Amino acid sequence: VVVLSAPLKRFRGSYWLVPVGFILGTLLSLVIPSAAALSLLLVATLLPALIAAGLTPLTVGAIVVTSSTIVPTPLEAGLIQGADLTNMTPTEFVYGAVAHATVPTLLITAFVHMWWQRRCDKADERKALNSGDVTAESLSDKATEEAIARAASLPGFYAILPLMPLLLIIVSAILKQLGIIPFEGGILPVTVVSLFIAMIIESIRNRTVTGAVDSMATFFKGMGEGAAGVVALLVAAAVLVEGITQMGVIDMLISATEGSSGAAVIIVLIFVAATAAMAALTGSGTAPYFAFSEVVPNLAAETSIHAPQMLTAIWGTSNLMREVSPVNAAVLIVSGAIKVNPIQLVKRTAVPMIAATVLNTLFAFMFIG
């Protein structure tokens with residue numbers, strides 16, 4: 001963070017870091033498709049660096065949460081299924097159809113983020129000044145300065161250690177693609193390996209194993225304290241989602257869309273709206289998409305709907321609107337890290353994600369032939 005924050009401080013107060021951070025996080029989701037895993041890594045790397053550069057925790061938190069949305073990759077489960085439903089290869093479906101809508105959507109969303117986060121920060125500042133409270137920015141500055149002061153005495157190469165899990169995942173993915181190794185590193189094993197590498201380096205630097213072991217104890221203690229609240233929230237969220245399912249809300253939405261009739265545009269809008277509602281309720285990007293995608297081929301055969309267009313619209317809506325759910329795993333992880341109510345974070349993600357949903361649906365029918 002010390003290394004990253006030094007050059008970023010030149011842009012202090014600049015909201016141009018918002019689209020840059022969003023695009024960077026989105027590119028990383030090509031390597032780490034899991035939204036929760038990506039959030040954990042970005043919380044440890046990108047989040048403190050951008051806060052040190054002058055962005056508020058809520059702004060950076062919104063960037064982190066929305067980094068894993070609709071990046072087109074043939075490794076994504078929903079897109080693999082979409083390719084199967086349209087009798088296309090994953091590469092053809094992703095780069096010949098889906099990318100035509102999602103890439104321009106992501107680029108525009110980056111600047112919607114910039115506008116919305118700036119607007120929200122200004123509103124929060126006015127509210128804090130009127131109430132006499134300490135602003136989130138001042139709190140973040142204090143926390144960041146304390147962290148940098150603690151890290152200032154460490155060797156410069158220690159900056160690589162927090163990035164090691166990400167580097168190991170990227171390297172293993174490249175080696176797998178080249179056929180050198182038969183596997184790709186998962187988030188859990190690379191985290192454990194990185195931890196032990198850090199312990200060995202710390203032992204060599206201090207010439208004592210005891211201090212390194214004590215540091216590991218501190219690591220696990222901090223991890224436990226940080227995860228306790230998140231796990232509790234995840235359990236509560238799972239109970240809420242199960243309750244919604246048992247009440248028949250999900251089945252009702254599916255039945256409403258299956259029983260709809262009329263113009264193709266109306267059917268698509270109903271599907272998109274129902275998918276958005278399900279994603280916002282459940283916080284899941286996969287469940288709503290898989291619930292509706294199976295009926296798309298039959299609808300396409302009976303109407304003038306082009307299956308790749310509708311699948312792209314539904315898939316994009318599902319993965320975008322999950323980020324406006326306070327029970328979404330990434331939202332809970334990031335809100336726990338920056339110590340805010342998930343609702344506060346969702347307010348920051350809502351407008352960019354709703355705008356992206358509209359754009360993705362529009363572009364799906366404009367650019368996918």
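Residues numbered from 1 in each chain as written. Predicted model: local features only at pLDDT ≥ 70, side-chain atom pairs only at ≥ 80, totals over all residues. Heavy atoms only, no water.

1. Observations concerning the side chain of Thr69
Right, so step 1: Among the secondary structure elements, Thr69 is positioned in the loop between helix H5 (57-65) and helix H6 (77-85).
Right, so step 2: For Thr69, a relative accessible area of 6% puts it in the buried group.
Right, so step 3: In contact with Thr69, other than residues within four places in its own chain, are Leu106, Trp315, Asn319, Leu320, Arg322, Glu323 and Met353. (Helix = DSSP H or I, 4+ residues; strand = E, 2+ residues; numbered from the N terminus. Buried < 20%, exposed > 50% of the residue type's maximum accessible area, 1.4 Å probe, protein only. Contact = heavy atoms within 4.5 Å.)

2. Some words on the side chain of Thr105
Right, so step 1: Looking at where Thr105 falls in the secondary structure, it is placed in helix H7 (residues 90-131).
Right, so step 2: With relative accessibility at 0%, the residue Thr105 sits in the buried group.
Right, so step 3: Apart from residues lying up to four places away in sequence, Thr105 is in contact with Ile70, Ala356, Leu359, Asn360 and Phe363.

3. A closer look at the pattern of salt bridges
Right, so step 1: In the structure shown here, the tally under the stated rule is four salt bridges.
Right, so step 2: Between Asp121 and Arg348 there is a salt bridge whose closest N-O contact spans 2.7 Å. Of this pair, Asp121 sits in helix H7 while Arg348 sits in helix H18 (residues 342-367), and the two are 227 residues apart along the sequence.
Right, so step 3: A residue is classified by how much of its surface remains accessible, and Arg348, at 3% relative accessible area, is buried.
Right, so step 4: In this structure, Glu202 and Arg205 form a salt bridge, with 3.5 Å as the shortest nitrogen-oxygen distance. Taken as a pair, Glu202 and Arg205 lie in helix H10 (residues 187-206) at a separation of three residues, close to a single helical turn.
Right, so step 5: Glu202 gets classed as buried once you look at its relative accessible area, which sits at 15%.
Right, so step 6: By relative accessible area, Arg205 is classed as partly exposed at 33%. (Salt bridge = Lys/Arg side-chain N within 4 Å of Asp/Glu carboxyl O.)

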